[in-house]
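Structural overview for review
So the chains spell out like this:
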Amino acid sequence: MTKRDRGWAGWLAVFGAFLALFCSFGQMNAFGTYQSWYSHHQLSSHSQFSISWIGSLQLWTFFFMGGPIGRLFDAYGPSPVMLFGTVLLTFSMLMTSISTKYYEFLLFQGFFFGLSVGSLFYPSLAAVSTHFDEYRASALGVVAAGSGVGGVVYPIMLRQLFLRTGYAWAVRASTLLSVACCIVALVTVKRVEGPKKCSGWMDVKMLKDACFMLLTTGSFFICLGIFTPFFYIVNYAEDRALVSQNTGFYVLSVMNAGGVFGRIVPAILSDKMGRYNLLMPTSFLAGLSCLVFWMLAKNVIAVMGFAAVYGFLSGAFISVITPCVAQISDINEIGSRIGALYTLISIPSLIGGPIAGALIQCQGGSYTGVIGLSGSSIIIGSLFILACRLRINRNICARV
């Protein structure tokens, strides 16, 4: 165990980053609850295709801003960036609570909230990465579990509050919880300073790194499909009359609960067996579970089972992808490379949800095309991850 793996500052950073992801990415994982509510209330006159653009804009902004935010982290550290994210998250959610028009939801819950999530997410992961060597994936897995726990808590809390206090006060209550978590994160998330290294806003060298580009290409295809079940599993269960409108959000909570274990257990295992050795098969199985498990889910037990399994497998990608980037990066480039990867995969994250909504409309409410696209794109992405792993080391028994 290295000196950096033993430091209290590192584990304090893990705790703060856990809370940062709980209230940011975890709340983003709860968008399926918002989509279901909007389709029956504020935006009932809009199609699923239109409503899905709100969640997709969140994801696109979150991913696209990864590069600039990563560079800001490398230059100034986590605190200034996370302070901006805290203020913006508060503003965006309070404005969402009083929004009534479609364009207002797009602006405040889509763009501004997505930017706030990125401003909290990237500095947290990058800062924790600088504290650990041998147990980096385990530490980042614990951090990533925060988003899974948030994905369990927020849907249940929001749905209950929607019914008891109304939409506006429910969103304000979630904002108060999020701000409290952000304040703790601001105090505890610090980074280990490395030698200063001046570089531009775009490092062309990373685009010439074959391993990095294979990893990015694989992530591109995976992100085209990986978030679709999170957006549509509630509507799928309700449209099939498997659950009522008042209990459908539990399916999303089960999926996110699976993601809690999927972020921790695979991350710990990856430190033992190799990060790329674990990332490829879990990604492949996540795609396969869509094509087999979700496609054949015709009752509530099967849907809940798929939600738990898929949450676990997709959670592995979310937690292990960051240490995979850090493994092939210099310590002074971790922030910018993590950010660059997420920027490059912003496009599939933007179009994945709307494409799924359009397929549902074109097929008269059938989810077959959506499930097929989601599963197959994740499987294709896993094959690029395999190519990356083999380029690093062709020995299939090596720990990579």
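Everything here concerns the structure above.
Residues numbered from 1 in each chain as written. Predicted model: local features only at pLDDT ≥ 70, side-chain atom pairs only at ≥ 80, totals over all residues. Heavy atoms only, no water.

Turning to the overall build of the protein chain, a few remarks are in order. Each helix and strand in the protein chain was counted, giving 18 helices and zero strands. Referenced to the eigenvectors of the C-alpha coordinate spread, the extents of the protein chain come out at roughly 55 × 45 × 35 Å. For the protein chain, with 400 residues in total, the buried portion stands at 59%. In the protein chain, 85% of the contacts between residues at least 6 apart in sequence involve partners at least 24 apart. For the protein chain, the accessible area works out to roughly 14,600 Å², and carbon and sulfur atoms hold 71% of it. Positive and negative charge centroids in the protein chain, built from 25 and 13 side chains respectively, lie 2 Å apart. (Helix = DSSP H or I, 4+ residues; strand = E, 2+ residues; numbered from the N terminus. Buried < 20%, exposed > 50% of the residue type's maximum accessible area, 1.4 Å probe, protein only. Contact = heavy atoms within 4.5 Å. Areas by Shrake-Rupley, 256 points an atom, 1.4 Å probe, with all protein chains shown as cover. Lys, Arg positive; Asp, Glu negative; His and termini not counted. Charge placed at Lys NZ, Arg CZ, Asp CG, Glu CD.)

Taken together, the side chains of Leu-285, Leu-288, Val-292, Phe-293, Leu-296 and Val-309 make up a nonpolar region of the molecular surface, amounting to roughly 480 Å² of accessible area. By residue number, the principal contributor to the nonpolar patch is helix α14 (residues 275-294), which donates four residues. One can find Val-309 in helix α15 (residues 300-327). Classification of Val-309 by relative accessible area gives partly exposed; the value is 34%. (Patch = residues over 30% accessible without salt bridge, like charges linked within 9 Å, V, L, I, M, F, W, Y side chains within 5 Å. Salt bridge = Lys/Arg side-chain N within 4 Å of Asp/Glu carboxyl O.)

Attention shifts here to the pattern of salt bridges. Once their charged atoms are close, side chains differing in charge can pair, the charge on each being opposite to the other. Under the criterion given, the structure shown has two salt bridges. Between Arg-337 and Asp-209 there is a salt bridge whose closest N-O contact spans 3.1 Å. Here Arg-337, found in helix α16 (residues 334-344), pairs with Asp-209, found in the loop between α10 (204-207) and α11 (210-225); they are 128 residues apart in sequence, far enough to count as distant. As far as burial versus exposure is concerned, Arg-337 and Asp-209 are alike and both buried.

The next thing to look at is the packing of aromatic side chains. Taken as a whole and judged by the stated rule, the model has 34 aromatic pairs. Measuring from centroid to centroid gives 5.3 Å for Phe-62 and Tyr-122, while their planes differ by 15 degrees, and the two rings are stacked. Linking Phe-62 in helix α4 (residues 48-64) with Tyr-122 in helix α7 (residues 102-129), this pair joins segments that are 60 residues apart in sequence. The burial state of Phe-62 is the same as that of Tyr-122; both residues are buried. Between Tyr-236 and Tyr-367 the ring centres are 5.2 Å apart and the planes differ by 90 degrees, which places this aromatic pair in the edge-to-face class. Of this pair, Tyr-236 sits in helix α12 (residues 228-239) while Tyr-367 sits in the loop between α17 (346-362) and α18 (368-392), placing them 131 residues apart in sequence. (Phe/Tyr/Trp six-rings, centres within 6.5 Å; stacked < 30°, edge-to-face > 60°.)

By the secondary structure assignment, Tyr-310 is in helix α15. Given a relative accessible area of 0%, Tyr-310 falls into the buried group. For the pair Tyr-310 and Arg-275, spaced 35 residues apart in the sequence, the C-alpha separation amounts to 19 Å. Apart from residues no more than four positions distant in its own chain, Tyr-310 is found in contact with Gly-225, Ile-226, Phe-227, Pro-229, Phe-230, Met-255, Ala-286, Ser-289, Cys-290, Gly-315 and Ile-378.

The next subject is helix α8 (residues 136-164). Compared with an ideal rise of 1.5 Å per residue, which puts 29 residues at 42 Å, α8 spans 42 Å between its outermost C-alpha atoms and is within 8% of the ideal. Gly-166 lies just past α8 and shows a positive phi near 95 degrees. (Expected span 1.5 Å × (residues − 1).)

Our next topic: the nonpolar core. Residues Leu-215 and Ile-233 are the most contacted members of the largest nonpolar core, which totals 110 residues. The element contributing the most residues to this core is α15, with 14 residues. (Core = buried A, V, L, I, M, F, W, Y, C linked by side-chain atoms within 4.5 Å.)

The next subject is the state of the cysteines. Considering all chains together, one arrives at zero disulfides under this definition. Counting only cysteine sulfurs, Cys-388 is the nearest neighbor of Cys-397, a cysteine outside any disulfide, at a range of 18 Å. The exposure class of Cys-397 is exposed, given its relative accessible area of 69%. (Disulfide = S-S within 2.5 Å.)

This brings us to the environment of Ser-283. Looking at the secondary structure, you find Ser-283 in helix α14. Linking Ser-283 and Cys-388, residues 105 residues apart in sequence, is a C-alpha distance of 14 Å. Excluding its chain neighbours within four sequence positions, the residues that come into contact with Ser-283 are Ile-222, Phe-317, Ile-378 and Ser-382.

Where α4 contacts α7, the axes come no closer than 7 Å and their chain directions differ by 30 degrees. Here α7 runs roughly parallel to α4, going by the angle between their axes. Crossing geometry of α4 relative to α7 is assigned as right-handed. Tallied by class, residues from the contact of α4 with α7 come to 15 nonpolar, seven polar and no charged. (Axes fitted to C-alpha atoms, helices over the stretch in contact; angles between N-to-C directions. Parallel < 35°, antiparallel > 145°, perpendicular 65-115°, else oblique. Left-handed = near helix turned anticlockwise from the far one by under 90°. Nonpolar A, V, L, I, M, F, W, Y, C, P; charged D, E, K, R; others polar.)

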